[in-house]
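Chain by chain, the residues:
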Amino acid sequence: METWRTICAMPLVELCKRLGNGQLSSVEITGAYLASIGAQNSSLNAYVDVYDQEALAQAKASDARRRAGQALSPLDGIPMAVKDNILVKDRRCTCASRMLQDFIAPYDATVIGRLRTAGMVLLGKLNMDEFAMGSSTQTSLYGPVRNPWDLKRSAGGSSGGSGATVAAGMAPCALGSDTGGSVLQPASHCGVVGVRPAYGTVSRYGLVAFASSLDQIGPLCKSAYDAALVMNVIAGADSKDATSREDLAVDFLAEMNNPVSLEGRIFGLPRECWEPESGLSPVVFHGLTEALSRWQSLGARLVRVSLPSLTRAAWAYDLLSSAQAASNLARYDGVRYGHRSGDYRNLGEMYRHSRGEGFGPEVKRRLILGAAVLEGGNSPVSYAGAQRIRKALFREASDVLESCDGLLMPVVPTLARSLEGKEDSVPSLCRGDRFGVPAGLTGLPAVSLPCAQDRSGLPMGMGLMGKRENLPRLLAMAYAYERAFPMAEGTRPHDLGWKGGERHEA
Ligand code: GLN
């Protein structure tokens, strides 16, 4: 029996292979991950609930199916974990908020149903920023998730638990949600691959809504290949989410098994993110420009392009997401959903006290901003004005993508922030989000791919964005890069010895 460290270092595709040829059982794999969680979670704070008994029971059932020749999919028996804003029937779904601390989900989210149909094993729920609002998990009821590369730093957010869990080998893959960068940003800070699928690719039924015109579920994995495996399970139309589309649910592995070359491919570099005034920190600028030369060494052609609306994207995102949050979070009133205060004399007071006690300061700030935006009128912070920027950005990106295979851009302008010392102000947090929001605003798919490390080994992701129907191609191009340039080994405190881009045939 291999130790948990060996098993938890393996990419998902390797686990599938060993399950398939009988070298490992689901009980062995699941047991290894539970041991890894037991050894590491108290220092990382990534899991908020671990379903150990049920996970082992699911693993046993999977092994029985496999023995009987009835495996439900190549991923039957593979464990995974999900962000705590995705409903799992009869389990807590807290969104890391006091408001939902006691909320038990009455049904499974569609993605959970799909994981079950594929035979996957659910390890538990992952920490996040409260209601997915934040970039460092510091707004979480449970406190911040620590970065496996440097425990003094944040894992990013809002899907920080998902990033840290995969980076530390506490699950081979995890689901997060991305409204304005919440899968891409923690993936970048944790040195894992994060995917924000095009809007409509994955059903949001059973995902607690933040901003409905932006929310999308996406996987975080050790490699682009692993991400394609998970996308094949979770993508697809769902009658319970009218925005979901079948045409985007293609075979994400098709281009992987027939590897693409980067030779002659054209990538646009939006000048708004690469020029000095874009505010990239020197270490990120240095790391990612070196990565760009590696893309060139594989034959990629880099061309300067411009997306003028990018400079106002974070502003538009703030307005639109806050307005939609103000509407979506109205349901938490202590009557229909959520915490009810014990201290009130009349109905009005009950609403006020319940919401006042249930929501943390960052959620309140957004609800107040959102309510002001929804008041409308001719104020400079109009919803319509933000929508115009959103549309312009979509047009600009679509035009540029007519003559490019993809856009390469930074995911975050800085390294993962320190959890020591004073907290960042809200405006500085927003500045940090500006490269994470374009995919959400345009609805286009994006991948965060580990492409560089600073001298101490801290990872940095490169964002790769493409046309709506091109996620399989983006993943295949990311796979081509990560195979040629795997991450350095041996540089992280929780070193498990895996590196991105190892070649594994499924
Ligand atoms: N950091 C962004 C915010 O706080 C993104 C959040 C998200 O994508 N859920 O709004």
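Along each chain, numbering runs from 1 in the same order as the chain's sequence is written. Totals for whole chains, interfaces and linings use all residues, but because this is a predicted model, local features are given only for residues with pLDDT of at least 70 and pairs of side-chain atoms are given and counted only at 80 or more. For the side-chain quantities, the full set of heavy atoms in the structure was used; hydrogens and water were omitted.

### Digging into the overall build of the protein
Using the following cut-off: Numbering goes from the N terminus for both helices and strands, where a helix is a DSSP run of H or I of at least four residues and a strand is a run of E of at least two. For the radius of gyration, the atoms used are the C-alpha atoms, and the globule rule reads 2.2 Å times the number of residues raised to 0.38. When a residue's accessible area, from a 1.4 Å probe over protein chains only, is under 20% of the maximum for its type it is buried; when over 50% it is exposed; and in between it is partly exposed. Note that accessible areas follow from Shrake-Rupley with a 1.4 Å probe, and for residues the cover is restricted to the protein chains shown. Only four residue types enter the charge count, namely Lys and Arg as positive and Asp and Glu as negative; His and the chain termini do not. Throughout, a charge is located at the NZ atom of Lys, the CZ atom of Arg, the CG atom of Asp or the CD atom of Glu.
A count of helical and extended segments in the protein gives 17 helices and 13 strands. A compact globule built from 506 residues should have a C-alpha radius of gyration of about 23 Å, and the protein, at 21 Å, falls within 12% of that. With respect to the principal axes defined by its C-alpha atoms, the protein has extents near 65 × 55 × 45 Å. When burial is assessed residue by residue, the protein has 61% of its 506 residues classed as buried. As presented, the protein carries roughly 18,400 Å² of accessible surface, and 51% of it is formed by carbon and sulfur atoms. A gap of 2 Å separates the mean positions of the 54 positive and 51 negative side-chain charges of the protein.

### A word on helix H2 (residues 12–20)
Put simply, the rule is: The contact criterion used throughout is that any non-hydrogen atoms of two residues lie within 4.5 Å.
The element H2 is largely enclosed, with a buried count of 7 among its 9 residues. Among all positions in H2, only Leu12, Val13, Glu14, Leu15, Cys16, Arg18 and Leu19 are buried. Contacts from the buried residues of H2 go to helix H1 (4–8), helix H3 (26–44), helix H4 (52–67), strand E6 (173–178) and helix H8 (224–234). Remark: glycine 22 follows H2 within two positions and exhibits a positive phi of approximately 80 degrees.

### Considerations on the pattern of salt bridges
Short version of the rule: Within this document, salt bridges are pairs made up of a side-chain nitrogen of Lys or Arg and a carboxyl oxygen of Asp or Glu, the two lying within 4 Å of each other.
Under the defined criterion, the tally for this structure stands at 21 salt bridges. Put simply, arginine 153 and aspartate 150 hold a salt bridge, and the shortest N to O gap is 3.1 Å. One network of salt bridges, in which partners are shared, links Glu14, Lys17 and Arg18.

### Let's talk about the site of the ligand
Heads up, the rule is: Only a single heavy atom is needed: when it lies within 4 Å of a molecule or strand, its residue is near that molecule or strand. Any pair of N or O atoms that falls within 3.5 Å is considered a polar contact. Within protein, one atom must be able to donate a hydrogen and the other to accept it, and sequence-neighbouring residues count only if both atoms are side-chain atoms. The residue classification treats Ala, Val, Leu, Ile, Met, Phe, Trp, Tyr, Cys and Pro as nonpolar and Asp, Glu, Lys and Arg as charged. All others, Gly included, are polar.
In the vicinity of the ligand there are 14 residues, among which Thr179, Gly180, Ser182, Tyr317 and Arg366 approach most closely. At a separation of 2.9 Å, a nitrogen atom of the ligand approaches a polar backbone atom of alanine 132. Serine 135 places a side-chain nitrogen or oxygen 2.9 Å from a nitrogen atom of the ligand. Starting from 290 Å² of accessible surface for the ligand in isolation, the protein chains cover 99%. Residues that form the shell around the ligand fall into these classes: 4 nonpolar, 7 polar and 3 charged.

### Section: the sheet that holds strand E9 (residues 266–270)
Across a sheet, strands are paired by hydrogen bonds formed along the backbone, either parallel or antiparallel in direction. The condition is simple: Strands are labelled as partners when DSSP assigns at least two bridges between them. Between N-to-C directions, angles span 0 to 180 degrees; the directions come from axes that are lines fitted to C-alpha atoms, helices contributing only their stretch in contact.
The 11 strands are arranged E1-E3-E2-E6-E8-E7-E12-E13-E11-E9-E10 in an open sheet whose pairing can be described as mixed. Across the chains shown, the open sheet's two edge strands, defined by having one partner strand only, are strand E1 (47–50) and strand E10 (301–305). On average, adjacent strands in this sheet sit at an angle of 30 degrees to one another, irrespective of strand direction. Sheet analysis places strand E11 (residues 406–410) next to strand E13 (residues 459–465), joined by 4 bridges and oriented antiparallel.

### Comments concerning the pairing of strand E7 (residues 193–196)
Every second residue of E7 is oriented toward a common face, with Val193 and Val195 on one face and Gly194 and Arg196 on the other, all of them buried. Relative to strand E8 (residues 216–221), E7 runs antiparallel, the two sharing 2 bridges. Bridging from a neighbouring strand, valine 193 pairs with cysteine 221 of E8. In the sheet, E7 pairs with strand E12 (residues 446–453) via 3 bridges, with the strands oriented antiparallel. Residue pairing across strands places arginine 196 opposite alanine 446, the latter belonging to E12.

### Examining H3
Given 3.6 residues per helical turn, the α-helix brings residues three or four places apart onto the same face. Stated formally: One less than the residue count of a helix, multiplied by 1.5 Å, gives the span that helix is expected to have. Fitting axes to the seven residues ending at a residue and to the seven starting there, one defines the bend at that residue as the angle between these axes.
The terminal C-alpha atoms of H3 lie 25 Å apart, and with 19 residues this matches the ideal 27 Å at 1.5 Å per residue to within 8%. Residue glycine 38 marks the point of greatest curvature in H3, where the axis turns by about 35 degrees. Within the sequence span of H3, burial applies to Ser26, Ile29, Thr30, Ala32, Tyr33, Leu34, Ser36, Ile37, Gln40, Asn41 and Leu44. Backbone geometry just downstream of H3 places asparagine 45 in the positive-phi region, at approximately 65 degrees.

### Considering unusual backbone geometry
Omega for the peptide link from glycine 157 to serine 158 comes to 5 degrees, which places this bond in the cis form. In this fold, serine 158 is placed in the loop between strand E5 (150–154) and helix H6 (160–167). With a phi close to 60 degrees, threonine 137 is a non-glycine residue in the positive phi region. Mapped onto the secondary structure, threonine 137 falls in the loop between strand E3 (121–126) and strand E4 (146–147).

### Here we look at a nonpolar patch on the surface
The following threshold applies: Residues qualify for a patch when their relative accessible area is over 30% and they have no salt bridge, like charges being joined within 9 Å and the nonpolar side chains of Val, Leu, Ile, Met, Phe, Trp and Tyr within 5 Å.
Together, Val335, Leu347 and Tyr351 make up an exposed nonpolar region whose accessible area comes to about 270 Å². With respect to the helices and strands, the residue leucine 347 is situated in helix H12 (residues 347–358).

### Focus on the packing of helix H11 (residues 313–328) against helix H14 (residues 383–401)
What counts here: Relative orientations are named as follows: roughly parallel for angles under 35 degrees, roughly antiparallel for angles over 145 degrees, roughly perpendicular for angles from 65 to 115 degrees, and oblique for any other angle. Handedness of a crossing follows from how the near helix is turned relative to the far one, being left-handed for an anticlockwise turn of less than a right angle and right-handed for a clockwise one.
One can describe the packing of H11 onto H14 by two numbers: an axis separation of 9 Å at closest approach and a directional angle of 125 degrees. By the angle between their directions, the pair H11 and H14 is classed as oblique. Considering how the two elements wind past one another, H11 and H14 form a crossing that is left-handed. Every residue of H14 that contacts H11 at Ala313, Trp315, Ala316, Leu319, Leu320, Ala323 and Gln324 is listed here: Tyr383, Ala386, Gln387, Ile389, Arg390 and Leu393. Class assignment of the residues belonging to the contact of H11 with H14 gives a composition of 10 nonpolar, 2 polar and 1 charged.

### Topic: the packing of aromatic side chains
Keep this limit in mind: Stacked, tilted and edge-to-face pairs are distinguished by plane angle, under 30 degrees for stacked and over 60 for edge-to-face with tilted covering the rest, among Phe, Tyr and Trp rings (Trp via its six-membered ring) whose centres lie within 6.5 Å.
All chains considered together, the criterion is met by 10 aromatic pairs. Considering the side-chain rings of phenylalanine 131 and tyrosine 332, the 5.1 Å spacing of their centres and the 45 degrees angle between planes classify their relative orientation as tilted. In this pair, phenylalanine 131 is assigned in the loop between E3 and E4 and tyrosine 332 in the loop between H11 and H12, connecting sequence segments 201 residues apart. Measuring from ring centre to ring centre gives 5.9 Å for phenylalanine 131 and phenylalanine 359, while their planes differ by 65 degrees; the resulting arrangement is edge-to-face. Remark: phenylalanine 359 occurs in the loop between H12 and helix H13 (361–375) and phenylalanine 131 occurs in the loop between E3 and E4; sequence separation between them is 228 residues. Since its relative accessible area comes to 4%, phenylalanine 359 is described here as buried. Each member of the aromatic cluster is reached from another via a ring pair, and the members are Phe103, Phe131, Tyr332, Tyr337 and Phe359.

### What to know about the environment of glutamate 14
By the element assignment, glutamate 14 lies in helix H2. Residue glutamate 14 is classed as buried on the basis of its relative accessible area of 7%. For the pair glutamate 14 and aspartate 226, spaced 212 residues apart in sequence, the C-alpha separation works out to 9.4 Å. Side chain to side chain, glutamate 14 and arginine 18 meet in a polar contact 2.8 Å long.

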